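Here's the letter readout for the chains.
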Amino acid sequence: MSGFRRGIRLGIDVGKARVGVARCDPDGMLAVPVETVPRSDTSVERIAELCGEWEPIELVVGLPVNMRGEETLSTTDARQFAAALGERTGLPVRMVDERLSTVSAHSALRSSGRSQKNSRSIVDQVAAVVLLQHAIDTEKSTGNPAGAIIETSEEHS
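Residues numbered from 1 in each chain as written. Predicted model: local features only at pLDDT ≥ 70, side-chain atom pairs only at ≥ 80, totals over all residues. Heavy atoms only, no water.

It is the contact of helix α1 (residues 43-54) with helix α2 (residues 73-89), at a shortest axis distance of 10 Å, that shows an interaxial angle of 50°. As the angle between them shows, α1 and α2 are arranged oblique. Considering how the two elements wind past one another, α1 and α2 form a crossing that is right-handed. On α2, the residues that touch S43, V44, E45, I47, A48 and C51 of α1 are F81, A84, L85, R88 and T89. Looking at side-chain class alone, the contact of α1 with α2 contains seven nonpolar, two polar and two charged residues. (Axes fitted to C-alpha atoms, helices over the stretch in contact; angles between N-to-C directions. Helix = DSSP H or I, 4+ residues; strand = E, 2+ residues; numbered from the N terminus. Parallel < 35°, antiparallel > 145°, perpendicular 65-115°, else oblique. Left-handed = near helix turned anticlockwise from the far one by under 90°. Contact = heavy atoms within 4.5 Å. Nonpolar A, V, L, I, M, F, W, Y, C, P; charged D, E, K, R; others polar.)

Structural data, given as structure tokens:
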């Protein structure tokens, strides 16, 4: 565990209809589902409440890029959502490549016997778990946090 920063993190999988939230323990042993937040004008506020409850050291938000690593409309949406979270919570927000996290989540749910229709309510949480676990594993294996911290106007005040 060379260079792993101890502390709880929240993983956030931003979607058009729902936002999956996961968390890890302070030692980064395991990422677990927390909640699926409906995407609305109150999504950022609900995640801020979860931050108050879990007291994370940072937020890890999925950066949806296409398979070639290029940005899409979803990338812009996730960046804006992440910036709003950073400004609302005052926490560092780290954007991490999430290619295949939703695909991995669907695959894991299918292999556990759940249909795609029956998984809709939790697939976003599972995608957030996959994303967060990847970020934790990356930091533990390299000693460097995954992804990149985004700038928010809070940091410039």
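Now that the structure is up, let's keep going.
Turning our eyes to something else, we now look at the nonpolar core. Formed by 23 residues in total, the largest nonpolar core has its most connected members in I12, I47, V61, F81 and L85. At the level of secondary structure, the elements contributing two or more residues to this core comprise β1 (9-14), β2 (18-24), α1, β4 (58-63), α2 and β5 (93-97). No other element matches α2, which puts five residues into this core. In this structure I47 touches I12, V19, V21, V37, F81 and L85, once residues within four positions along its chain are discounted. Membership of the second largest hydrophobic core comes to 13 residues, among which are A31, V96, A128 and A146. (Core = buried A, V, L, I, M, F, W, Y, C linked by side-chain atoms within 4.5 Å. Buried < 20%, exposed > 50% of the residue type's maximum accessible area, 1.4 Å probe, protein only.)

Moving on to the environment of R23. Here R23 is to be found in strand β2. For the pair formed by R23 and E49, sequence separation is 26 residues and the distance between their alpha carbons is 14 Å. Apart from residues lying up to four places away in sequence, R23 is in contact with R9, L10, L30, A31, V32, V34, W54 and L132.

A word on α1. In a regular helix each residue adds 1.5 Å, so 12 residues correspond to 16 Å; α1 covers 17 Å between its end C-alpha atoms and thus fits that length. Considering only its buried residues, α1 is in contact with β1, β2, β3 (31-38), β4 and α2. Once α1 finishes, E55 follows within two positions and takes phi at roughly 50°, a positive value. (Expected span 1.5 Å × (residues − 1).)

Within β5, four of the five residues are buried, which leaves it mostly tucked inside the rest of the structure. Pairing between β4 and β5: five bridges, direction parallel. Among the inter-strand pairings, G62 is bridged to a residue of β5, identified as V96. With α2 bridging β4 and the parallel β5, this β-α-β connection has right-handed handedness. (Pairing = 2+ DSSP bridges. Right-handed = clockwise from strand over helix to strand, strands pointing away.)

Our focus in this paragraph is the pattern of salt bridges. Counted according to the given criterion, the structure contains 13 salt bridges. Of the charged contacts, one joins R46 and E49 as a salt bridge, the two residues approaching to 2.9 Å between their closest N and O atoms. Remark: E49 and R46 occur in helix α1; sequence separation between them is three residues, near one turn of the helix. Classification of R46 as partly exposed rests on a relative accessible area of 26%. Linked through salt bridges whose partners overlap, the residues forming this network are R5, R9, E58, R94 and E139. (Salt bridge = Lys/Arg side-chain N within 4 Å of Asp/Glu carboxyl O.)

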